[in-house]
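Architecture at a glance
Here is how the chains run, residue by residue.
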Amino acid sequence: MRAAVLGGGPGGLNFAISLKLRDASHDVLVVERNKPDDTFGWGVVLSDETLGNLHTNDPVSSKAIRDSFVYWDDIAVHYRGVVMRSGGHGFSGIGRKRLLNILQDRARSLGVKIEFETEAAPVDSYKDFDIVVGADGVNSRVRAAYADAFKPDIDVRACKYIWLGTHQKFDDAFTFIFEETEHGWIWVHAYQFDADTATFIVECSEETWRRAGFDRMNIEETIAACEKIFARNLGGHKLMSNARHLRGSAWLNFNRVLCERWSHKNIVLLGDAAATAHFSVGSGSKLAMESAIALASYLDSEPDITSAFRRYEEERRLEVLRLQNAARNSTEWFEDVERYFDLDPVQFNYSLLTRSQRISHENLRQRDPQWLSGAEKWFEQRATGHVPNLARPPMFVPFRVRGVELANRVCVSPMAQYRAKDGTPNEWHFVHYAERAKGGAGLVFTEMTCVSPEGRISPGCTGLYAPEHAGAWRRIVEFVHAETDAKIAIQLGHSGAKGSTQLGWEESDAPLESGNWPVLAPSAVPWSAQNQMPREMTRADMDLIREQFVRSAEMAALIGFDWLELHYAHGYLMSSFITPITNRRTDEYGGTLENRMRFPLEVFRAVRKVWPDEKPISVRISAHDWVAPDGVRPQNAVEIARLLREAGVDLIDVSAGQTSTRARPVYGRMFQTPFSDRIRNEAGVATLAVGNIYEPDHVNSILMAGRADLVCLARPHLSDPYWTLHAAAELRYDGMKWPKPYWPGRDQLYRLKSRSEAMTGKV
Ligand SMILES: Cc1cc2nc3c(=O)[nH]c(=O)nc-3n(C[C@H](O)[C@H](O)[C@H](O)COP(=O)(O)OP(=O)(O)OC[C@H]3O[C@@H](n4cnc5c(N)ncnc54)[C@H](O)[C@@H]3O)c2cc1C
Ligand SMILES: Cc1cc2nc3c(=O)[nH]c(=O)nc-3n(C[C@H](O)[C@H](O)[C@H](O)COP(=O)(O)O)c2cc1C
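Report on the accompanying structure.

Rules and cut-offs
Residues numbered from 1 in each chain as written. Chains lettered and ligands numbered in written order. Predicted model: local features only at pLDDT ≥ 70, side-chain atom pairs only at ≥ 80, totals over all residues. Heavy atoms only, no water. 1 Å grid on protein atoms, 1.4 Å probe; cavity = no way out; pocket = protein on both sides within 12 Å on 5 of 7 lines; lining within 4 Å. Points joined across faces, edges and corners; volume = space filled by probe spheres on them. Helix = DSSP H or I, 4+ residues; strand = E, 2+ residues; numbered from the N terminus. Nonpolar A, V, L, I, M, F, W, Y, C, P; charged D, E, K, R; others polar. Near = heavy atom within 4 Å. Polar contact = N/O pair within 3.5 Å; in protein donor to acceptor, adjacent residues only side chain to side chain. Areas by Shrake-Rupley, 256 points an atom, 1.4 Å probe, with all protein chains shown as cover. Pairing = 2+ DSSP bridges. Axes fitted to C-alpha atoms, helices over the stretch in contact; angles between N-to-C directions. Contact = heavy atoms within 4.5 Å. Salt bridge = Lys/Arg side-chain N within 4 Å of Asp/Glu carboxyl O. Buried < 20%, exposed > 50% of the residue type's maximum accessible area, 1.4 Å probe, protein only.

Here's the deal with empty space enclosed by the protein
A full pass over the atoms with the stated rule returns 5 cavities of 30 Å³ or more. Considered as a void within the structure, the largest cavity measures approximately 110 Å³ in volume. The dominant element in the lining of the largest cavity, judged by the number of residues it contributes, is helix α22 (residues 696-704), at 4 residues. Here the residues of the lining of the largest cavity sort into 3 nonpolar, 6 polar and 3 charged.

Put into structure tokens, the structure is as follows:
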């Protein structure tokens, strides 16, 4: 086979080597515009896993790479005058130039022809070659020339960065330095890559960059300014640039590249040309080199080029996507970092270490148990005021708000049971809530309990508007208080245009087959074409509904509920005031966000007046309508939360969606938690996170990183009412209070866990 490789970076060179290793008779040409020693950029980070893959492919070059590596284990974070250091992270670095020289030598020794200082010609000039590999980096011309086939998607990210080097030593840790300047925060990613040189990437927001005047500086001026800002960390050493080839100041925005296809006819894209990963997860070279190996082996094993390209793309696309997801989380963390500058250094550090969501709480325990235990102690001390002898996982740390203390931070999320008759809870509800309260969660929410018969979602919904409702709820609340440590919250709501619909397991949100009741909404906008047209509410309707909420809140207070939540999410009445999709009013209750919030805030204030001072009120909102471009988006949710906080709401329960049939949600693990993070840290209000959170590790990571104050789990509590007790056993935390009659079950569970630990040697 004759292969023309356009671009001699880590991707192109490793491909050339890999192809030759598989069959020495292949004729491989690499075309590279630079000289062999003429490399830009500084050090490259590779993981142990990548080194293993390189070794299996080519022990010769991988040995040379390994021999040139600088290893380090710690991550150090300089922030607000404190240096925090955690270990067990295991990185290795090599100079980009050294890496390329090793690969060039190896390629040449295998008979690869490399033409340096040669600009690649248009692809059709390589007619004599069987394949053309576009390994020409992030600004690939090959990709651009066939953009119609590859369909690239290039996302220019928000931050500005510049890749510098220094002889200052950062040889004991991968180092992040955050420095507050008069123009804003500027930070550095620094790591050693040979005996006397380290990479020093400076990054900041575009606004800070402009305010600091970097947009008007040449490279020398930029370097001088950075040396001044980071003088304390540079110990008198200079900063250096080797990017003199770049026009202007050498500051860049990171380009996230995706391509719909990686091959076209006999042309194939490789490395940064096909897909990039942000430098903050340090994996661009890894991706390029591992993809190169995959491409060469499929060309060797598959019967023809087309199927080789297909297999290559199938295999690598998955891995690339996985890394790009992590890289996106990490990129966004740095783009949003100003949100975290109010966090305590311990929590800031934790948030930074877990930013890509690839590293969880228990991963950190494995990496550096001592550091994690210190962080857990800090978390507990902040909540309780006492320094514990033994750290406990964050989910088991009590939470206090007003006069209420929750024993731990796990909540049973509100879940409609559709089992009531005329709004009255019955034996089903008693057993259901009693079981969940026995299961160890700190707070158990009731399902959405409706403030009037017309405010019910379905005929099976519970209510709190009649004396028999109060009696049934009181029985449940008294059991929870008498027999468990859990607190119990009532969620009050009104269904609005989503009312008069079928039970959850029938056709959800569809009208009843018979016996429908008329529905109300801020505007005459039906939930869907098959739902009834709601009547637009008058001011008199608003007065009535506000008073219904007040009446139910008064009843809940008398019953002895510990906590009240107002359901302002999921398209029900209050939510349909908040979102512009369903609120089309032209009076003072529609239009701007302030207007749309007017009635929901009025209801909250009226409820707050009758709800006991020592008890909290949370409000559940939909932080994202998932309807572009007109729906509520997370940035609007911050404003909604701010208005609620200013009115006196204690916590925001951050859910999302279910506000429009046009919604296109993006699901995933913990998919709504970023909205909680944003609201908590931008609006400065305590939050509950919810949505596809199902492992103890998720809960601990969310709490410890300050992404929420409490965590709600819904479906996991349907399959396991004792989720919290089981999580404690899983984490070997023995501070949970089990119901006395269940002690033998507890003892057996812990014994079995210890035994299986001993057998697997996990102690
Ligand atoms: C300037 C620069 C500096 C970098 N520094 C670092 C760093 O210090 N640390 C790190 O971890 N990552 C760094 N990266 C990112 C990382 O190196 C990439 O993710 C990785 O190199 C991808 O490998 P690649 O082979 O796909 O692309 P590249 O390494 O970008 O290689 C592409 C090669 O193609 C050549 N080329 C491009 N167009 C043409 C053309 N028309 N004709 C001939 N040759 C062409 C380029 O000169 C280059 O050598 C840097 C990237 C760049 C572009
Ligand atoms: C059966 C069921 C009923 C629900 N009913 C309510 C409800 O009454 N009020 C509410 O705010 N959310 C309700 N939800 C949403 C959950 O509280 C939660 O936000 C959602 O299920 C995501 O959490 P999970 O991934 O832990 O299940 C319900 C969810 C389920 C599965």
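Structure's up, so let's keep going.
A closer look at the site of ligand 2
With respect to spatial proximity, 17 residues lie near ligand 2, and among them S413, P414, A416, N692 and R715 are the closest. In the environment of ligand 2, an oxygen atom lies 2.7 Å from a nitrogen or oxygen atom belonging to the backbone of P414. With respect to ligand 2, the backbone of N692 contributes an N or O atom lying 2.7 Å from an oxygen atom. When ligand 2 sits alone it has 600 Å² of accessible area, and the protein chains cover 81% of it. Listed by contribution, the elements that provide at least two residues to the shell around ligand 2 are β21 (443-450) and α23 (715-719). The residue makeup of the shell around ligand 2, split by class, is 8 nonpolar, 6 polar and 3 charged.

A look at the sheet that holds strand β29 (residues 710-713)
Strands in a sheet are paired, the pairing made by backbone hydrogen bonds, and the direction either parallel or antiparallel. Read around the barrel, 8 strands follow the order β20-β21-β22-β25-β26-β27-β28-β29 and close on themselves; strand pairing throughout is parallel. Sheet twist, expressed as the mean angle between neighbouring strand axes with direction ignored, is 25°. Sheet analysis places β21 next to strand β22 (residues 487-493), joined by 6 bridges and oriented parallel. Considered in β22, the bridge of V444 is made with I488. Of the strands in this sheet, β26 (617-622), β27 (651-655) and β28 (686-690) touch helix α21 (residues 673-683), which is tilted by about 175° from β28. Docked against the sheet, α22 engages β28 and β29, running at close to 150° with respect to β29.

Details of the sheet that holds strand β4 (residues 70-72)
Reading across from one edge, β3-β7-β4 is the order of the 3 strands in this open sheet, with antiparallel pairing throughout. What marks the edges here is a single partner per strand, and that holds for β3 (43-46) and β4. Each strand axis lies, on average, 30° off the axis of its neighbour in the sheet, ignoring direction. Here β3 pairs with strand β7 (residues 91-95) via 4 bridges, running antiparallel. In the sheet register, L46 faces β7, and the bridge partner there is S92.

Here we look at the pattern of salt bridges
Going through the model one piece at a time under the given rule, you end up with 55 salt bridges. When the shortest N-O distance is used, the salt bridge between E302 and R311 registers 3.1 Å. Note on R311: relative accessible area 31%, which makes it partly exposed. Residue R317 pairs with E313 through a salt bridge whose shortest N-O separation is 2.9 Å. Here R317 and its partner E313 are both found in helix α11 (residues 305-335), 4 residues apart, which amounts to about one turn of the helix. R317 sits in the partly exposed class, given a relative accessible area of 25%. Beyond isolated ion pairs, a larger network of salt bridges with shared partners links D336, R339, D677, R678, E682 and R707.

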